[in-house]
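Commentary on secondary and tertiary structure
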Amino acid sequence: DAGVIQSPRHEVTEMGQEVTLRCKPISGHDYLFWYRQTMMRGLELLIYFNNNVPIDDSGMPEDRFSAKMPNASFSTLKIQPSEPRDSAVYFCASSTGTSNIQYFGAGTRLSVL
Amino acid sequence: KQEVTQIPAALSVPEGENLVLNCSFTDSAIYNLQWFRQDPGKGLTSLLLIQSSQREQTSGRLNASLDKSSGRSTLYIAASQPGDSATYLCAVRTNAGNMLTFGGGTRLMVKP
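Okay, so let's go over this structure. (Residues numbered from 1 in each chain as written. Chains lettered and ligands numbered in written order. Predicted model: local features only at pLDDT ≥ 70, side-chain atom pairs only at ≥ 80, totals over all residues. Heavy atoms only, no water.)

1. Digging into the overall build of chain B
For the record, the criterion: Numbering of helices and strands runs from the N terminus; a helix is a DSSP stretch of H or I covering at least four residues, while a strand is a stretch of E covering at least two. Put simply, the radius of gyration uses C-alpha atoms, and a globule should come to 2.2 Å times the residue count raised to 0.38.
Looking only at helices and strands, chain B features zero helices and eleven strands. Mapped from its N terminus to its C terminus, chain B presents α and β elements in the order β-β-β-β-β-β-β-β-β-β-β. Rg of the C-alpha trace for chain B: 13 Å, near the compact-globule value of 13 Å for 112 residues, within the 12% margin. Based on the C-alpha atoms only, the size of chain B along its principal axes is roughly 45 × 25 × 20 Å.

Below, the structure written as structure tokens:
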């Protein structure tokens, strides 16, 4: 398996633009997590899904952030409109309910100018 | 709310030294604890997972211990190598759900 795949690896955009980050979890994993990592706040969980259903989105910072998982092999995290303070590395991770080990993608480095 | 703290924030040691990284958490009602490694510009790689009923886990030169009652875990690295240079993060899963709370990490540099 290729592991968790995220795209794009880097995204540079201007304030006010819509940003969409994509994630393909490991096949067979029924949990998917979106994290944000910054120097100031470290690694924070934004939202996670189980069997494509959002379970906890209490970490989503504002209504500008939304996440979807239309099927077991794809998820998106959307920021609309983006702001400079959204600049961070966004990670997607997946796991099975039995192993509890989360496998991380390489991340998307977002810069909002 | 669970809080996870890692000390020290950064550590530099000469090659060959044995070292200990510390992790503490405020809520002892945990389900498991994981140690991750993060290389610059990369994602996280799980190193060891300790279930709440376990006291330690070993993988090669790595040994992780868990003292749930005192809210502490340590990651012991034996005979450190330059290739061990990375940031090490601990993460706690609480009983309340499948969410992980991460510490701030320890940035390790092993000098040849």
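2. Quick word on the interface of chain B and chain A
As a reminder, the rule being used: Throughout, a contact is declared for two residues whenever any of their heavy atoms are within 4.5 Å. Each of two parts loses accessible area, computed with a 1.4 Å probe, when they are put together; buried area is these two losses added. Definition used for salt bridges: Asp or Glu carboxyl oxygen within 4 Å of a side-chain nitrogen of Lys or Arg. Within 3.5 Å is the distance limit for a polar contact, defined as a pair of N or O atoms, with the added protein rule that one can donate a hydrogen and the other accept it, and that residues adjacent in sequence qualify only through two side-chain atoms.
Residue-level contacts link 18 residues of chain B with 18 residues of chain A. Summed over both sides, the interface between chain B and chain A buries roughly 1400 Å², with carbon and sulfur atoms accounting for 54% of that surface. Summed over the three residues of chain B that lose the most area to chain A, namely Leu 44, Asn 98 and Met 99 of chain B, the buried surface amounts to 36% of that side. Remark: the boundary between chain B and chain A carries zero salt bridges. At the boundary of chain B and chain A, one finds two residue pairs in polar contact (both at pLDDT 80 or more).

3. Let's talk about the environment of Val 89 of chain A
Residue and element names in this part refer to chain A. Its location among the elements puts Val 89 in strand E9 (residues 88–95). Taking the C-alpha atoms as reference, Val 89 lies 6.7 Å from Thr 38; in sequence the two are 51 residues apart. Excluding residues within four positions of it along the chain, Val 89 makes contact with Tyr 35, Arg 36, Gln 37, Gly 107, Thr 108 and Arg 109.

4. Description of the sheet that holds strand E8 (residues 72–77) of chain B
Residues and elements named next belong to chain B. Put simply, the rule is: Strand pairing requires that DSSP identify at least two bridges connecting the strands. Think of each axis as a best-fit line through the C-alpha atoms, taken over the contacting stretch in the case of a helix, with angles from 0 to 180 degrees between the N-to-C directions.
With antiparallel pairing, the five strands of this open sheet are ordered in space as E1-E3-E8-E7-E6. Of all strands in the sheet, those with a lone pairing partner are strand E1 (4–7) and strand E6 (56–59), marking the two edges. Averaged over all neighbouring strand pairs, the angle between strand axes comes to 15°, with direction disregarded. When E6 meets strand E7 (residues 62–67), the two strands line up antiparallel, connected through four bridges. If you follow Thr 58 over to E7, its bridge partner there is Asn 63.

5. Observations concerning the sheet that holds strand E1 (residues 5–7) of chain A
All names here are of chain A. Pairing within the open sheet is antiparallel, and its four strands lie in the order E1-E3-E8-E7. Whereas interior strands pair on both sides, the edge strands pair on one side only; in this sheet they are E1 and strand E7 (65–71). Recorded for the sheet is a direction-independent mean angle of 15° between the axes of neighbouring strands. Inspection of the sheet shows strand E3 (residues 19–24) paired to strand E8 (residues 74–79) by five bridges, in the antiparallel sense. By the bridge assignment, Arg 22 is partnered in E8 with Thr 76.

6. Looking at the pairing of strand E6 (residues 53–56) of chain A
Residues and elements named next belong to chain A. Two strands pair when backbone bridges link them, and strand E5 (residues 42–50) and E6 are joined in this way by three bridges, in the antiparallel orientation. Residue pairing in the sheet places Tyr 48 in a bridge with Asp 56 of E6. Here E5 hands over to E6 after two residues, with Asn 51 in that stretch at a positive phi of 50°.

7. Details of the pattern of salt bridges
Residues and elements named next belong to chain A. The condition that has to hold: Note on classification: 1.4 Å probe, protein chains only; a residue is buried when its accessible area is under 20% of the maximum for its type, exposed when over 50%, partly exposed between these limits.
Scanning the entire structure with this criterion turns up ten salt bridges over all chains. Here Glu 62 ties to Arg 64 by a salt bridge, and the two come within 2.8 Å at their closest N and O atoms. Classification of Glu 62 as partly exposed rests on a relative accessible area of 25%. Judged by its relative accessible area of 11%, Arg 64 falls in the buried class. Arg 85 is the partner of Glu 62 in a salt bridge, and the nearest nitrogen-oxygen pair spans 2.8 Å.

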